[in-house]
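# What the coordinates show
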Amino acid sequence: MRKLLRCLTTLTLLALLVLGISKTAMATTITFSEYPVGTVITNQYQELGVTFSGALSGPPVIANDGAMPSAPVLSPNPRYAGTFNINFGFGAFGVQFDSGYWDTLGSGVIKVYNLSSVLIATLTDTTFGVDHIDLGGLGPIGDIYFDSRADPAGADIDNLQFTTAPEPGGLLLLGSGLGLIGIGTVRRKLFR
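Residues numbered from 1 in each chain as written. Predicted model: local features only at pLDDT ≥ 70, side-chain atom pairs only at ≥ 80, totals over all residues. Heavy atoms only, no water.

Chain-level statistics for the chain give a pLDDT mean of 83 and a share of 73% at 70 or above. Every residue in residues 16-24 scores below 50 in pLDDT, and together they form 22 contacts with partners more than four places removed in sequence or on other chains. Confidence drops under a pLDDT of 50 for residues 169-173, and excluding neighbours within four residues, the segment shows 9 contacts in the predicted structure. (pLDDT = per-residue confidence, 0-100. Contact = heavy atoms within 4.5 Å.)

Below, the discussion takes up the pattern of salt bridges. Counted by the stated rule, this structure contains 1 salt bridge. For the salt bridge of Asp147 with Arg149, the shortest nitrogen-to-oxygen distance reads 2.7 Å. Overall, Asp147 belongs to the buried group, its relative accessible area being 8%. (Salt bridge = Lys/Arg side-chain N within 4 Å of Asp/Glu carboxyl O. Buried < 20%, exposed > 50% of the residue type's maximum accessible area, 1.4 Å probe, protein only.)

Attention now goes to the packing of aromatic side chains. For the structure on display, the rule yields 7 aromatic pairs. Taken together, a centroid distance of 5.9 Å and an interplanar angle of 85° make the contact between Phe32 and Tyr45 edge-to-face. Taken together, the residues Phe32 in the loop between strand E1 (27-30) and strand E2 (51-54) and Tyr45 in the loop between E1 and E2 connect sequence positions 13 residues apart. As far as the burial class goes, Phe32 and Tyr45 line up, both buried. In textbook terms, an aromatic cluster arises when at least three aromatic residues are bridged by ring pairs, as seen for Phe32, Tyr35, Tyr45 and Phe52. (Phe/Tyr/Trp six-rings, centres within 6.5 Å; stacked < 30°, edge-to-face > 60°. Helix = DSSP H or I, 4+ residues; strand = E, 2+ residues; numbered from the N terminus.)

So, on to a nonpolar patch on the surface. Taken together, Val118, Ile120 and Leu138 make up a surface patch of nonpolar side chains, about 210 Å² in accessible area. Relative accessible area serves as the criterion here: at 32%, Leu138 is assigned to the partly exposed category. (Patch = residues over 30% accessible without salt bridge, like charges linked within 9 Å, V, L, I, M, F, W, Y side chains within 5 Å. Areas by Shrake-Rupley, 256 points an atom, 1.4 Å probe, with all protein chains shown as cover.)

Right, let's get into the environment of Pro59. By secondary structure assignment, the location of Pro59 is in strand E3 (residues 58-63). With relative accessibility at 27%, the residue Pro59 sits in the partly exposed group. Taking C-alpha positions, Pro59 is 6.1 Å from Asn77, a pair spaced 18 residues apart along the chain. When sequence neighbours within four positions are dropped, the list of residues in contact with Pro59 reads Val40, Ile41, Thr42, Ser53, Gly54 and Asn77.

Have a look at this one:
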């Protein structure tokens, strides 16, 4: 009976540990081919740790853009020349994406905010065509504001990559699992 109880306790602790680890961080790439062209995007990617909203215009929409090397893309709404926000609920690290097709240098505005909504960077397109935006060195990111209105043909984004920050629940599960394993180990050593 004691062996069965010990085995069940060990399995429970391992399950808590695995659940905690799986919920702490997740690398994600969104290609925007997950939904049909014409879909307005708001909370469809929420389970991955990101939502989208309109800034000065409506929420972004999945569109085909023949100027971009891969399609579909996420476009402002109205298409190509507009604004939208990328919102990371618990924060994200290593954020990067492709933006374009830029017809004019310096016409795009990308503002990056931390989790406290403090502006930490303002960027613009630095090349004609497709520009790869890498925000990896900025720490945890809460929101990104994208504005392509000043470009004559507008622009959009594709291949959004990020790693979500650990959710508080995931950290709690991980800590519980590790703590219970530690208590069990100490207890076994004391009662031998």
